[in-house]
Each structure stands twice: as structure tokens, then as C-alpha cells.
Amino acid sequence: MRIERFLRASELIMQANTVRSIRTVVSGVLGHAARLGAIRTSPTRDASRIEGQKKEIRALTAAERADLMVKLDADEVAESHDIPDLVAFLLGTGCRIGEVIALQVDAIDWEARTISITGNVVRVRGVGLVRHSGKTFSARRVLPLPDFLMELMEKRGARDASPEDLLFPNTQEGWRDPHNTGARLRDAVRRAGYGWVTTHVFRKTAITVLDHAGLTARAIAGHSGHSRPSITQDVYMDRRADGRQAADALDAAMGSMRPQSFGRLKGGGDLEHRTFHGSDQHG
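Residues numbered from 1 in each chain as written. Predicted model: local features only at pLDDT ≥ 70, side-chain atom pairs only at ≥ 80, totals over all residues. Heavy atoms only, no water.

1. Comments concerning the sheet that holds strand 1 (residues 108-109)
- Strand order in the open sheet formed by three strands is 1-2-5, and the pairing between neighbours is antiparallel. In this open sheet, the two strands that pair with only one neighbour each are strand 1 and strand 5 (141-144).
- Summarising the sheet, strand 2 (residues 114-117) and strand 5 pair through four bridges and their orientation is antiparallel. By the bridge assignment, Ile117 is partnered in strand 5 with Arg141. (Pairing = 2+ DSSP bridges. Helix = DSSP H or I, 4+ residues; strand = E, 2+ residues; numbered from the N terminus.)

2. Some points on the side chain of Thr114
- In this structure, Thr114 sits in strand 2.
- If we skip the residues at most four places from it in the chain, Thr114 touches Ala107, Ile108, Asp109, Val142, Leu143, Pro144 and Leu145. (Contact = heavy atoms within 4.5 Å.)

3. Here's the deal with the pattern of salt bridges
- A complete count under the given rule lists 12 salt bridges for this structure.
- Linking Arg156 and Asp85 is a salt bridge whose minimum nitrogen-to-oxygen distance equals 2.7 Å. With a gap of 71 residues between them, Arg156 in the loop between helix 7 (147-155) and helix 8 (178-191) and Asp85 in helix 5 (residues 83-93) connect regions that are remote in the sequence.
- One salt bridge connects Arg123 with Asp177, and the closest N-O pair in it is separated by 2.6 Å. Separated by 54 residues along the polypeptide, Arg123 in strand 3 (residues 120-124) and Asp177 in the loop between helix 7 and helix 8 bring together distant segments of the chain.
- The class for Asp177 is buried, based on a relative accessible area of 12%.
- Via salt bridges that share partners, Asp82, Asp85, Arg156 and Arg176 belong to a single interconnected network. (Salt bridge = Lys/Arg side-chain N within 4 Å of Asp/Glu carboxyl O. Buried < 20%, exposed > 50% of the residue type's maximum accessible area, 1.4 Å probe, protein only.)

4. Here we look at helix 1 (residues 2-11)
- Buried within helix 1 are the following residues: Ile3, Glu4, Leu7 and Ser10. Taken down its axis, helix 1 places every buried residue within 130° of arc, on the same side. The outward face of helix 1, more than 90 degrees from its buried face, is lined by the exposed residues Arg2 and Arg5. (Arc of directions from axis to C-beta.)

5. Description of unusual backbone geometry
- At Arg113, a position not held by glycine, the phi torsion is positive, near 60°.
- Among the secondary structure elements, Arg113 is positioned in the loop between strand 1 and strand 2.
- By relative accessible area, Arg113 is classed as partly exposed at 35%.
- Even without being glycine, Glu173 reaches a positive phi, approximately 65°.
- Structurally, Glu173 is set in the loop between helix 7 and helix 8.
- Under the relative-accessibility criterion, Glu173 is labelled exposed at 59%.

6. Details of the confidence of the model for the protein
- Taken as a whole, the protein shows an average pLDDT of 81; of its residues, 76% reach a score of 70 or greater.
- Helix 11 (residues 229-236) is the least confidently modelled element of the protein, averaging 64 in pLDDT, while helix 4 (residues 76-80) averages 96, the highest of any element.
- Long-range and interchain partners of residues 271-283, a stretch whose pLDDT sits below 50, account for seven contacts in this model, where long-range means more than four residues apart. (pLDDT = per-residue confidence, 0-100.)

7. Regarding the nonpolar core
- By size, the foremost hydrophobic cluster in this structure holds 42 residues, and its most contacted members are Phe89, Ile115, Met153, Leu167 and Phe202.
- The set of elements that each furnish at least two residues to this core consists of helix 3 (62-73), helix 5, helix 6 (97-101), strand 2, helix 7, helix 8 and helix 9 (199-212).
- Broken down by element, the residue count for this core peaks at seven residues, all from helix 5.
- Here Phe89 is in contact with Gly94, Val100, Leu103, Ile115, Leu145, Leu149, Met153 and Phe168, once residues within four sequence places are set aside. (Core = buried A, V, L, I, M, F, W, Y, C linked by side-chain atoms within 4.5 Å.)

8. Comments concerning the side chain of Arg141
- Mapped onto the secondary structure, Arg141 falls in strand 5.
- Residue Arg141 is classed as buried on the basis of its relative accessible area, which comes to 7%.
- There is a polar contact of 3.0 Å between the side chain of Arg141 and the side chain of Glu99.
- Setting aside chain neighbours within four positions, we find Arg141 in contact with Cys95, Arg96, Glu99, Ile115, Ser116, Ile117, Arg203, Gly222, His223, Ser224 and Gly225. (Polar contact = N/O pair within 3.5 Å; in protein donor to acceptor, adjacent residues only side chain to side chain.)

9. Details of a negative patch on the surface
- On the surface, Asp106, Glu164, Asp165 and Glu173 cluster together into a patch of negative charge.
- Take Asp106: it is sitting in the loop between helix 6 and strand 1.
- A relative accessible area of 48% places Asp106 in the partly exposed class. (Patch = residues over 30% accessible without salt bridge, like charges linked within 9 Å, V, L, I, M, F, W, Y side chains within 5 Å. Areas by Shrake-Rupley, 256 points an atom, 1.4 Å probe, with all protein chains shown as cover. Lys, Arg positive; Asp, Glu negative; His and termini not counted. Charge placed at Lys NZ, Arg CZ, Asp CG, Glu CD.)

Put into C-alpha cells, the structure is as follows:
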């Protein structure tokens, strides 16, 4: 069937969401033709689903985070663009970069040690930089700030600044351009040896840390500004183990159950003397 071949060919060169949009348009056109009697039925009804391929979710491990921050702090170019503090804030909150750029000093509640996320800065073609109220209603939220970020904000002078001052302004004390800031950030992490890292990786890293800490998907979704926990789980959580916490927990729970026969074969021989048919002992 031509429609089927067309959709399968499109999947090879386009993202799944794009192909789904194409299918919707084609289905609408052919459905209208069927209603007018030009064709008997719309052939898109029989086309197979657009599955797409899920991308691997990769977050920074604890060792990678520490190494990256040391290298960013030592990078004079990154320092001149205020990249190290910005990365620390992204990692410590899991916010979107546009949300961080939009933050003013009055978003911080110094007594409660929280910050209110109420907007997002984006570039609109023909208009310029625009601040809106967030991607969704769920994007408006109040987050607890880690101690290291409270200290960072004080060190940057936020406590004594005017309420309308931006936390991460550009050189003219206005909004940063998210595109330009993202480009400078990518250049900095590439120089540090982390060319695979994007601004979204910092968000995935923060969410993964919360997951490893045992927070529920619903709690993490609320922290991240997602309308559905499934989005948080499917798109943002790196399921790889980070460190030995899982192994240590299992060892603490079941290590005492270890039988004396562990490390020996049923026949009485030591495992280290075992050989396998069809393969070299050291292969």
C-alpha cells in the first residue's frame, strides 16, 4: 500500500512525532475525499502505528557532576559568561533554562528557603524575548532550595538586591537569550569533555537524583512542573544505577543469609577451578 510505504520511509528520516503529524494531515485529506465520494475509504485507516524509537535517557553521575563543576570553575571563558553558577542552579533545581533566566530576586523566600517558579523566557520570531507564565499550569510551582543554592544566592548578593533584579541577568542586567545562553553552555561543557551534555541533561540529572533518593513519581513530577508523572518517568529518569547504593542495600538486607556453600560447586570443587566446554578458561 502506498500510504504504508510512504509512512515507513518517513520514519527513516524524521522523528516519530513528525511522522504522526504527517499521518494526521494525510488522514484528514483522504477522509474528506471519502466523504465526498472520490474514494471508497481512507487508506490511512489500515496503516500500521507509528511507534518511533525511544532515546536512551542519560544523566550525569555523581562523579561526572563533580568533575564537570571543577572544570567549569577553572574555565575563564565559562566564568565570564556566568556558566558555573547557572549550571549549579540547573542541577540543584531541575528547572528549565528559560525558567531560570526569568527568575527575579523576589522569587526567593529567604525564611521558607524556597523559590517560586512563575514564568519562562522564550524568543518569539519578530517580537524578541518574551516572558510568559510557563509551559503549563503545572509549571507554576514553589520549590525548596538546597542549602548549597541558598549559600550561592547569598554569595551572589541576592539577599541585598532589589526585588526586581534578575538572578541570572545578561551583561546589561536584562533577560538572557535562552538560545545564546544554551550555545555558550554547550561550548563550555564540550571544552570540559562532556560534549553529549545539553541543558536538558541537567534537568534529567536532577530528576534522576530525586528518583534515586526514593521520591515518588508524583512528587518528582510536581517538583519538575510536569502535568503527568508518566512524562517524568518515561522521558526524564535515567534508570541506570549510580554508585553502589543498591548493592549495599541488598547486601545489608541479605548478606547474613549467605550459605557456606557459596563459591563452591555442588560436586565439591572450587569455582575458580571450573572450566567451560567450548571456551577458553580465560576467554
